[in-house]
Amino acid sequence: MDKETWSRRRFIGQAGIGVATAMTAGALESLAGVTLTYPNDGKLALLGGKAIREGKSWPAWPHVDDNVISKIVETTKSGKWSRIQSAQGTVATFEKAFSGLIGSDFCVATGSGTQALSTCVEALNIGPGDEVITSPYTDFGTISAILTSRALPVLVDLDSESFQLDPDEVEKHITPNTKAIMPVHIMGLPANMERIMAIAKKHGLLVIEDACQAPFSRYQGKPVGVIGDLGCFSFQASKAIACGEGGAVVGNNQAMMEECFTVQNRGASRAGKNERIGPKYRMNEFEGAILMGQLDEAKSRFETRDANAKYLSEKLMAIPGLTPQKQYEGTESGSYYNYAMKYDSEEFGGVDRAQFLKAIQAEGVPFTSYIREGLHRAPWVDTILNQQVYKRFYTEQRLRSYRESMNLPKCDEITDRTLVAFWGSAVLLGGREDMDDIVNAVTKVYENRSSLKSV
Ligand SMILES: *Cc1c(COP(=O)(O)O)cnc(C)c1O
């Protein structure tokens, strides 16, 4: 929004204040063009005022309904509890249904998103001595999947506005031992796949998409997860499609996908031959049952979350100091595992992020800072550098330069100062009034920012 529109909106907002105060719970046009319904006595809930969300709750996730329950009961009664007991069981059925919904030719279910990623690394024969470039701003499962095969996870810095892997940084960190790039579609929004795929092609690298947060997101005419060689999803309890713990690999290359099946089947092929190294990562029939009980509504829930997020972004654009996560050209839709924004303390009159979060939370809006620290700052780095297997397969010089490369200032800025987010899986299932409450809370905190400075 340009400055002029901004001042006009602000003027309308202020002009309404007298009336609103007189009515106690009056309605006035907010900065963002949403009707404010809070008692505008200028008092933040944090300072003893009435909270915007007083007495209201957010939608629950995961959603439990009769459909899910009856599928579980059916599986229990069937006595078929492992996928190997039936080719028409819930897991096999889910794999077909999920690839149909995602738009991939093949799908292999696993016991978690981490297992899905790990299956891909192993199936692509990435191992000791190899390097995989990925993001420091992710679930530890992304890194774990690389470490499990004793490969080296090379973490590179981020784009400060999108919180995604910066393609320039990816290219800078390619070595002769780099085998793959593992972009993470963080928050469920697509990473810069156009650039990442071009870099991969130029250097002959494989691409494993960590789409754990991004089922159904679309980018440049394609579903996320089938842009690279293989894509992974998570069905852990907090995710957009949830069965407690679960995951899936998708892809269009049949040979590669058969290798994934063999790996997750503890190295045994579909034909029953014990062929290669592989852990047992099979999804069980109960997990498949919950997923089948949820799949009918998965797409419409995705659409609800995406539409709510688009509505919010439009409104929040009007508020200085809070910028919705940047999307790359060609982003058509997002899963919004989290709805994330960049917070600018200066625009909020010097109120730091922690104080802003307290004020927003007091209004009943569950903003958090999400990931506490980038994974380059976690103890696993020193653990692996001291392990024989890493000392044996990587040169001393490489391990030294690796340690030194774990300095990622943009990621630090994001985790320590600028990122604010809320959990989209649940909150974005709300109605328009719920979304308006979020905008109202942000507007209220913005308008009262000077009173926050002194607390
Ligand atoms: C959840 C998640 C994982 C790991 O999935 P699990 O099912 O929890 O093992 C990996 N990467 C990202 C980006 C995630 O959000």
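Residues numbered from 1 in each chain as written. Predicted model: local features only at pLDDT ≥ 70, side-chain atom pairs only at ≥ 80, totals over all residues. Heavy atoms only, no water.

The protein chain has the name Polysaccharide biosynthesis protein in an unreviewed UniProt entry, where Parapedobacter pyrenivorans is given as its organism.

Draft legend 1. Structural context of the packing of aromatic side chains. One pass over the full model with this rule turns up 17 aromatic pairs. Ring centres 5.3 Å apart and planes at 80 degrees place the aromatic pair Phe98 and Phe233 in the edge-to-face group. Remark: Phe233 occurs in strand β10 (residues 230–234) and Phe98 occurs in helix α3 (residues 90–102); sequence separation between them is 135 residues. Residue Phe98 is classed as buried on the basis of its relative accessible area of 0%. Ring geometry for Tyr137 against Tyr370: centres 6.1 Å apart, planes inclined by 80 degrees, an arrangement best described as edge-to-face. Of this pair, Tyr137 sits in the loop between β4 (131–134) and α5 (140–147) while Tyr370 is found in the loop between α10 (353–362) and α11 (380–385), placing the two residues 233 residues apart along the sequence. (Phe/Tyr/Trp six-rings, centres within 6.5 Å; stacked < 30°, edge-to-face > 60°. Helix = DSSP H or I, 4+ residues; strand = E, 2+ residues; numbered from the N terminus. Buried < 20%, exposed > 50% of the residue type's maximum accessible area, 1.4 Å probe, protein only.)

Draft legend 2. Fine view of the domain arrangement of the protein chain. Along its sequence, the protein chain is carved into domain 1 (3–58 + 298–371 + 414–452) and domain 2 (66–295). Three residues, Gln325, Tyr328 and Tyr337, lead the burial of domain 1 against domain 2; their summed loss comes to 24% of the area buried on that side. For the pair domain 1 and domain 2, the number of links is three salt bridges. Arg218 serves as the salt-bridge partner of Glu332, at 3.4 Å between the closest nitrogen and oxygen. Put simply, domain 1 and domain 2 have 25 residue pairs in polar contact (both at pLDDT 80 or more) between them. Put simply, the parts of the chain that give the side of domain 1 that touches domain 2 at least two residues each are α9 (285–316), β13 (331–333), β14 (338–343), α14 (409–418) and β15 (419–423). Element by element, the count of residues in the side of domain 1 that touches domain 2 is highest for α9, at five residues. Across the side of domain 1 that touches domain 2, the residue classes tally to twelve nonpolar, eleven polar and seven charged. (Domains from an automatic or database assignment. Buried area = accessible area lost by both parts, 1.4 Å probe. Salt bridge = Lys/Arg side-chain N within 4 Å of Asp/Glu carboxyl O. Polar contact = N/O pair within 3.5 Å; in protein donor to acceptor, adjacent residues only side chain to side chain. Nonpolar A, V, L, I, M, F, W, Y, C, P; charged D, E, K, R; others polar.)

Draft legend 3. Representation of the site of the ligand within the structure. Inspection of the region around the ligand gives 15 residues, with Gly113, Thr114, Asp210, Ser234 and Lys239 positioned closest. A distance of 2.5 Å separates an oxygen atom of the ligand from a polar atom in the side chain of Thr114. The side chain of Ser234 places a nitrogen or oxygen atom 2.6 Å from an oxygen atom of the ligand. In isolation the ligand offers 380 Å² of accessible surface; the protein chains occlude 93% of this area. It is helix α4 (residues 113–123) that provides the largest number of residues to the shell around the ligand, a total of three residues. (Near = heavy atom within 4 Å. Areas by Shrake-Rupley, 256 points an atom, 1.4 Å probe, with all protein chains shown as cover.)

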